[in-house]
Amino acid sequence: TILRKTFGDIFSVPGDVAMLNSSLVSPKLFNFTHVPYNISWYNLKTGQELNNETGRLLVHRENVWFLNVTLADTGEYETILRTPSHCYRQVTNLTVEEPDAGECARPRRAKQNMTSGVTNKLSCPLMDYIEKLNSYDIRSSITWHKGCQRIEDGTGMFTYLENYLKIDRVTSENSGTYTCTVTFTLGGVSGSVSETIDTMVIGRYSLVPQVREPASEIIKAPMGSNFTKQCLVFVPSVGEPEVDVFWVVRGRLISSHLPSDRTLRWEDSPIKGAWLERLLIISELKTEDYYLNYTCRAFSARGNPMGYFTLLPTDPNVMVPIASTLCSLALLFIIGVIILYSFKVDIVLWFRMSFPVFYTDKDSDGKLYDAYVAYPQKSAFGFSKDVEMFALHTLPEVLEKACGYKLFIVGRDCLPGEAIVDSVEENIQASRRMFLLYTASTFTRKRPTSSTSSNNNNIIMSDGSVDSDNTDSQRVNSCEVEYPDARQQLERVAAMHRALLEGTLKVILVELEEISPSQLEQFPESVRHLRKRQGAVCWWKNKKKTHVWRTCIKKGEDEEKEKGEQNMELSASLSPSSRFWKEMRYHMPVRGKRAAYPEKTALLNL
C-alpha cells in the first residue's frame, strides 16, 4: 500500500458551484488506461462516504460537484483510489466564504496586469471548469462584469473571445475588478461559478518587435574583404523595450562586446517606439563564411520575429580553368574506382541488405539448398581431418546458424541407400551454389590401387565422363566409403561441366591452405582454368584472432561467447564480419524482398 497525502485548497461562495478534483488519476502514479481502479470520496468531518444527492451533490469518478455550495460544506474531503496492488489517498480542503458586504467581487482574487494604450486580453481563471465540462460534452457560457456592472459583448472597447475578454486601447480607467462567470447545466441543475480578477493598468509597454533589416535578401561580397551588416529592429513601446537582438548562424548565437554593437534611438511619431540596431562584423571573409543564412532574431515576451540574408561570393573575374575541372573529375574517378575495387564486397553486401526489393525472391526457384559442399571423404585421396572439420563444423556454424543459409554437406545430409550418381546429380541440381573445398594434396596425391579403385574405373572414365551402362552396378550407400574417389571425381566433373560448359551453376573454390605454383600445376586443368578466371576464397589468409562487433550472430549467442570478458573477443574463423566470411556471403545467393534477411545485423559492422 502506498500512501500519498497532498492538500489542495478550493475557495467558493454560497450559491456557487464548487468542483473538487483529485489528481490521483495520473500516469505518474499508475497506468490508469490498463490497470483497473475505483475511487471513493469521504467527508473527513463526518467520516461518511459521499454519494450523489439530487440537486445538491454529484460524484463523478475523480470529481465531486457541489451544485449549490453552502457554508456548512466547508471542510476536508478525502479521495481514496484503490488498484489491485496499491491504495492512494489525497485530501482536498474546501473553503466557503461569504462575499464582502456591498461588493460583487469574490473574496479570493487573481491578479492580471494590462498595458496602457494598446489592446489587452484578460484570461478567465475558470479554465479547469470549462475543460471538465467540455469533456462531459456540456455547453457553457461566459459573462464578464466590471465591478457589479455587466459587460455586454461587442459594446465599446470590450469583445468576448472564447475564454478571454479583449479590451481595445486600454486606459487607466480600465483598472479595477473583473469577474468571469461560467454558467451551465449539470445533473439537471442550472448553476454557475465565478472568479474575480484584480487588474492594474501600467504605463510601460512593449509590443511585438518588427525586424526591418535584413529582409530575406542575398548579399555578395569578395573573398578576404571586411564585411559589416546591421540588424534594424523597431519596437512599438513606451519606455525602454525589453527586447534582445542577436545574430544567429548555423543555429548558434554570435556574441560581441563592441561598444557600437547595439544602439538605441527613439521615435515619437506616428507610432511611439524604439529602434534597436545590432551590427554583424566579419573582419575577413573566408570560404566557410559563404552560402550561409545569417539570421537576425529579436527575442521578447511578445514574440520572436526574425530576418535573414544569404552571403555569396562575388562573381569570379575569370573562369576556372577547364583543366582543373577535368583533373578533379579524373581524380574523383580514380578514387572511386579504387574504393570500388577495394570495398566491392562490402558495398555489395551493404546494398543487398539495404535494398532487397531490387532482388527477386529465391525461395520459389525450386532449389532446396543454397550451396552444395564438396570435399574429400574418408579413405579418399586428399582427405584431411582439418578439411572435414571445416566442412562439417565451421561452415554450418557460420553460414547456417549465424547467417541462415541452408547447406547440403556430404557425410551429413546424404540419404542411406542412395546411389552415388543419383545423390550427386540430384543434390547438385537442388543447390544454387557449390563449394569445392581443397588443399594442396586434394588433387596432387596418387590414388591407391585396389579392387575398389578398379571397380570405380569402370564408372569414371579417364576423360572424366560417366559410363551410363554401368550405373546400375553403383547402387550402394552414398554415405559409405566403398567408393570415396568416385564420388569426389563425380562431384568435380559435374561441377566443372555445369560451371564452364553449361553456365548453370556457380562453383566457389575454397582454398584451405596456401598453394605453391608447382602444386598448382598438378591440379586438373578445369580447376586451374576456373581458379584463374574467378579466383578462390582463401581461408589460409584469415587471421586467427580479431576484435569484431556484434553482427548477424544473435545477441544471446554473443553473450555466451563473452566468457566474462568486458570486450567481446571472437575468433575470426567464426565471425561473419571477417574478410573471409564476407567473401563467402558475397558469393552466396541473394535473398529477395519477400525473404527474411538474417545477415542484416551482420552487415551493420561493414
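Structure: above.
Because the structure is a prediction, the values reported are computed rather than measured.

(A) Structural view of the packing of aromatic side chains. Taken as a whole, this structure holds 23 aromatic pairs when the rule is applied. Considering the side-chain rings of Phe30 and Tyr88, the 6.0 Å spacing of their centres and the 15 degrees angle between planes classify their relative orientation as stacked. Residue Phe30 is found in the loop between β2 (18–21) and β3 (38–43), and its partner Tyr88 is found in strand β8 (residues 87–96); the two are separated by 58 residues along the sequence. Here the aromatic cluster, defined as three or more aromatic residues joined through ring pairs, consists of Phe30, Phe32, Tyr37 and Tyr88. Positioned above the aromatic ring of Phe246 is the side chain of Arg278, whose terminal nitrogen or guanidinium carbon lies 5.4 Å from the ring centre.

(B) Molecular detail of the sheet that holds strand β31 (residues 537–538). If you walk across this open sheet you meet the five strands as β28-β27-β29-β30-β31, and the pairing is parallel. Pairing within the sheet leaves two strands with one partner each, and these edge strands are β28 (407–409) and β31. The pairing of strand β27 (residues 371–374) with β28 spans three bridges and is classified as parallel. Bridged to Ala371 within β28 is Leu407. Helix α5 (residues 420–429) rests against β27, β28 and β29 (433–438) of the sheet, and its axis sits at about 145 degrees to β27.

(C) Representation of helix α3 (residues 344–354). Those residues of α3 that sit buried are Val345, Asp346, Leu349, Arg352 and Met353. Buried residues of α3, seen end-on, are gathered within an arc of 130 degrees and therefore sit on one face of the element. In this structure, the buried residues of α3 make contact with α11 (579–587).

(D) Representation of the nonpolar core. Counting 53 residues, the largest nonpolar core has Phe435, Leu437 and Val507 as its most contacted members. If you look at the next biggest cluster of nonpolar residues, it comprises 28 residues, including Ile138, Trp144, Ile151 and Leu165.

(E) Focus on the sheet that holds strand β14 (residues 164–167). With antiparallel pairing, the three strands of this open sheet are ordered in space as β10-β14-β13. Of all strands in the sheet, those with a lone pairing partner are β10 (120–123) and β13 (158–161), marking the two edges. Within this sheet the neighbouring strands show an average axis-to-axis angle of 25 degrees, counted without direction. In terms of strand pairing, β13 meets β14 through four bridges, oriented antiparallel. Bridging from a neighbouring strand, Leu161 pairs with Tyr164 of β14.

(F) Structural context of helix α4 (residues 385–402). The sharpest bend along α4 measures roughly 45 degrees and falls at Pro396. Turning to α4, its buried residues are Val387, Glu388, Phe390, Ala391, Thr394, Leu395, Pro396, Val398, Leu399 and Ala402. As for α4, its buried residues are in contact with β27, β28, β29, β30 (506–511) and α11. Directly after α4, the chain includes Gly404, whose backbone phi takes a positive value near 80 degrees.

(G) The pattern of salt bridges, seen in detail. Summed over the entire model, instances satisfying the criterion amount to 20 salt bridges. Arg56 is the partner of Glu53 in a salt bridge, and the nearest nitrogen-oxygen pair spans 3.5 Å. One salt bridge in this structure joins Arg412 and Glu400, with 3.0 Å as the shortest N-O distance. Of this pair, Arg412 sits in the loop between β28 and α5 while Glu400 sits in helix α4, and the two are twelve residues apart along the sequence. The exposure class of Arg412 is partly exposed, given its relative accessible area of 35%. Among the charged side chains, a network of salt bridges with common partners joins Glu103, Arg109, Lys111 and Asp198.

(H) Highlighting the packing of α3 against α11. Taken N-terminus to C-terminus, the directions of α3 and α11 make an angle of 55 degrees; their axes are 10 Å apart at the nearest point. The pairing of α3 with α11 is recorded here as oblique in orientation. Note that α3 runs across α11; the crossing there is left-handed. When α3 is examined against α11, the residues Lys344, Val345, Asp346, Val348, Leu349 and Arg352 are found in contact with a partner set consisting of Arg579, Lys582, Glu583, Arg585 and Tyr586. Counted by class, the contact of α3 with α11 contains four nonpolar, no polar and seven charged residues.

(I) Quick look at the state of the cysteines. Applying the stated criterion to the full structure yields three disulfides. Each disulfide pairs two cysteine sulfurs, and for Cys124 the partner residue is Cys180, the sulfurs being separated by 2.0 Å. Linking Cys124 and Cys180, the disulfide has an S-S dihedral of approximately -85 degrees and is accordingly described as left-handed. Taken as a pair, Cys124 in the loop between β10 and α1 (127–135) and Cys180 in strand β15 (residues 176–186) lie far apart in primary sequence, 56 residues in all. By the burial criterion, Cys124 is buried, and Cys180 matches it.

About the criteria used
- In this convention, every chain numbers its residues from 1, walking through the sequence in written order.
- The predicted origin of the model limits local features to residues at a pLDDT of at least 70 and limits the giving and counting of side-chain atom pairs to 80 or more, whereas totals for whole chains, interfaces and linings rest on all residues.
- Neither water nor hydrogens contribute to the side-chain values; these are computed over all heavy atoms in the structure.
- Pairing of aromatic side chains here covers Phe, Tyr and the six-membered ring of Trp, requires ring centres within 6.5 Å, and sorts the geometry by plane angle: under 30 degrees stacked, over 60 edge-to-face, intermediate tilted.
- Secondary structure elements follow DSSP: runs of H or I of four or more residues count as helices, runs of E of two or more count as strands, with numbering from the N terminus.
- Charges are assigned to positions over rings by a cutoff of 6 Å between ring centre and Lys NZ or Arg CZ, combined with an angular limit of 35 degrees from the ring normal.
- Two strands qualify as a pair provided DSSP detects at least 2 bridges between them.
- Contact criterion: two residues are considered in contact whenever any of their non-hydrogen atoms come within 4.5 Å of each other.
- What counts as an axis is a line fitted to C-alpha atoms, over the stretch in contact for a helix, and the angles between N-to-C directions run from 0 to 180 degrees.
- Type-normalised accessible area, obtained with a 1.4 Å probe on protein chains alone, sets the label of each residue: buried when under 20%, exposed when over 50%, and partly exposed for intermediate values.
- Summarising the geometry, the arc corresponds to the directions from the helix axis toward the C-beta atoms.
- Grouping buried Ala, Val, Leu, Ile, Met, Phe, Trp, Tyr and Cys residues that are joined through side-chain atoms within 4.5 Å yields what is termed a nonpolar core.
- One axis fitted to the seven residues ending at a residue, another fitted to the seven starting there: the angle between these axes is the bend at that residue.
- The salt bridge definition used is simple: a Lys or Arg side-chain nitrogen within 4 Å of an Asp or Glu carboxyl oxygen.
- Just so you know how the angles are binned, under 35 degrees is roughly parallel, over 145 roughly antiparallel, 65 to 115 roughly perpendicular, and the rest oblique.
- Left-handed describes a crossing whose near helix is turned anticlockwise from the far helix through less than a right angle; right-handed describes the clockwise counterpart.
- Here the nonpolar group is Ala, Val, Leu, Ile, Met, Phe, Trp, Tyr, Cys and Pro; Asp, Glu, Lys and Arg are the charged ones; every other residue, Gly included, is treated as polar.
- By definition, disulfides here are pairs of cysteine sulfur atoms that lie within 2.5 Å.

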